[in-house]
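# Secondary and tertiary structure notes
Given next are the chains, with one letter for each unit.
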Amino acid sequence: MGISTEAQQFAQFLESVRAKASTPGLDLAVVRDIVDTHASASTEPEGVTYADADADGVPVLWVIPEGADPDKALLHFHFGGSVAASISSDRKAAGHIAKAAGARSLVVGFRLAPEHPHPAQIDDAETAYPAQIDDAETAYRWLLAQGYEPRNIGSTGHSIGGTLAVALPLRLLAKGEAAPGAIVSISPWTDLTISNPKVDENEELDKMLSRNILEQFRAAWLQDPGVDFTDPNISIVNADLTGLPPTALHYGEYEALAGEGAGFGRRLADFKILSEVRPLPEGQHSFILGAGRMPEVDRAIEQMGQWLRRHLGS
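The notes below deal with the structure included here. (Residues numbered from 1 in each chain as written. Predicted model: local features only at pLDDT ≥ 70, side-chain atom pairs only at ≥ 80, totals over all residues. Heavy atoms only, no water.)

Contact geometry for helix H3 (residues 87–101) and helix H9 (residues 295–311): axes closest at 7 Å, N-to-C directions at 50°. What the angle tells us is that H3 and H9 run oblique. When you trace H3 past H9, the crossing you get is right-handed. In contact with His96, Ile97, Lys99, Ala100 and Ala101 of H3, H9 contributes Ile301, Glu302, Met304, Gly305, Leu308 and Arg309. A class-by-class count of the residues in the contact of H3 with H9 yields 6 nonpolar, 2 polar and 3 charged. (Axes fitted to C-alpha atoms, helices over the stretch in contact; angles between N-to-C directions. Helix = DSSP H or I, 4+ residues; strand = E, 2+ residues; numbered from the N terminus. Parallel < 35°, antiparallel > 145°, perpendicular 65-115°, else oblique. Left-handed = near helix turned anticlockwise from the far one by under 90°. Contact = heavy atoms within 4.5 Å. Nonpolar A, V, L, I, M, F, W, Y, C, P; charged D, E, K, R; others polar.)

In structure tokens:
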């Protein structure tokens, strides 16, 4: 059947942004500004308002659809390999997902690398987690303090944000604490060894990521030469998924991380986690950035919303 004209245009847009951001000699601040222009790929979701907040030191943005269930909230994590992107880059896409779920969404502005890499010294289990997961947990606990029950909170995100959407519940479960009620993980980076064959097989198809870009992200995030890339606190494909909440996994078939998406889907099945795995035919990495413009993406977001409506509060 092929993909829509809008999807083809989205792929071209991603390629143009990648070319600009890859210009040699650019300052990191300039690269981050360029990456934030991904937000223009999405339409402004109708009937959604926004409010800045501070979640105990972590900057966050409330995304509030008209008629949203006041008892339910999503905790949303943006893309960018832990190096780039921001609340601004995900604001509209998060709004579309929030509308589909009928719930507010709290977009988290977690700390970025290389300024905040994985801890150089790992003395115990607590410090083995990256700063980005610390910020995710802080925002989650802030939500609890606002009166939201864990079962009414959904953990959502894409790319490195899709990783955090899973890593946060895993961290809470390891502490014996209540995890969010459901997960929607989109295009997650699940294996920091960058060894899946699809990384190279999809080199020409993925218009956002490449092996070189993934290696740059990894070098910025995991600066300690003693870090083991297979560490389950980093590569969630190796984590013990026992007790993970109902999880919807979405990824694009054309993305460099497509093999990781498929592999993580198998891990969910191995651990008998209530889950659904939805590869988007010819889909790009972080395809939700095209929300409101691409029929394929809008259908996928509707599926995400239905998943969250079914499982939050249950």
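Here we take up the packing of aromatic side chains. Tallying each qualifying case throughout the model produces 2 aromatic pairs. Measuring from centroid to centroid gives 6.2 Å for Trp62 and Trp142, while their planes differ by 45°, and the two rings are tilted. Taken together, the positions of Trp62 in strand S2 (residues 58–65) and Trp142 in helix H4 (residues 131–145) put the pair 80 residues apart, joining distant regions of the chain. Ring plane angle 40° and centroid distance 6.0 Å describe the contact between Trp62 and Tyr148, whose orientation is recorded as tilted. Highlighted residues: Trp62 in strand S2 and Tyr148 in the loop between H4 and strand S5 (153–158), separated in sequence by 86 residues. Take Trp62 and Tyr148: they sit in the same class, and that class is buried. Each member of the aromatic cluster is reached from another via a ring pair, and the members are Trp62, Trp142 and Tyr148. Cation over ring: Arg91 sits above Tyr50, and NZ or CZ is 4.6 Å from the ring centre. Between Arg104 and the ring centre of Trp62, over which it is positioned, the NZ or CZ distance is 5.1 Å. (Phe/Tyr/Trp six-rings, centres within 6.5 Å; stacked < 30°, edge-to-face > 60°. Buried < 20%, exposed > 50% of the residue type's maximum accessible area, 1.4 Å probe, protein only. Lys NZ or Arg CZ within 6 Å of the ring centre and 35° of its normal.)

Another point: unusual backbone geometry. Cis geometry marks the peptide bond from Ala113 to Pro114; its omega dihedral reads 10°. With respect to the element layout, Pro114 can be found in the loop between strand S4 (103–108) and H4. With phi around 60°, Ser159 is a residue other than glycine that occupies positive phi space. Counting through the fold element by element, Ser159 comes out in the loop between S5 and helix H5 (160–174). A residue is classified by how much of its surface remains accessible, and Ser159, at 6% relative accessible area, is buried. Not every positive phi belongs to a glycine, and Ser187 is a case in point at roughly 50°. Inspection of the secondary structure assignment puts Ser187 in the loop between strand S6 (182–186) and helix H6 (198–201). On the basis of relative accessible area, Ser187 is assigned to the buried category, the value being 1%.

Once their charged atoms are close, side chains differing in charge can pair, the charge on each being opposite to the other. Considering all chains together, one arrives at 15 salt bridges under this definition. The salt bridge partner of Glu149 is Arg151, with a shortest N-O separation of 2.9 Å. The salt bridge partner of Arg310 is Glu276, with a shortest N-O separation of 3.7 Å. One end of the pair, Arg310, is in helix H9; the other, Glu276, is in strand S8 (residues 275–280), and 34 residues separate them in sequence. Judged by its relative accessible area of 47%, Arg310 falls in the partly exposed class. A network of salt bridges, in which partner residues are shared, links Asp134, Glu137, Arg141, Arg171, Lys175 and Glu177. (Salt bridge = Lys/Arg side-chain N within 4 Å of Asp/Glu carboxyl O.)

Position of His285 relative to the elements: it lies in the loop between S8 and H9. Judged by its relative accessible area of 0%, His285 falls in the buried class. Here the side chain of His285 touches Ser286 through a polar contact of 3.5 Å, side chain to side chain. Look past the residues within four positions of His285 in its chain and what remains in contact with it is Leu14, Ser159, Ser187, Asp206, Met208, Leu209, Glu255 and Leu257. (Polar contact = N/O pair within 3.5 Å; in protein donor to acceptor, adjacent residues only side chain to side chain.)

Take the pairing of S5 next. The buried fraction of S5 is high, at 6 of 6 residues. Residues of S5 alternate between two faces, with Ile153, Ser155 and Gly157 on one and Gly154, Thr156 and His158 on the opposite face, all of them buried. In this sheet, S5 lies alongside strand S3 (residues 69–77) in parallel orientation, the contact comprising 5 bridges. Each bridged residue has a counterpart across the sheet, and for Phe77 the counterpart in S5 is Gly157. A crossover connection joins S5 to the parallel S6 through H5; in handedness this β-α-β unit is right-handed. (Pairing = 2+ DSSP bridges. Right-handed = clockwise from strand over helix to strand, strands pointing away.)

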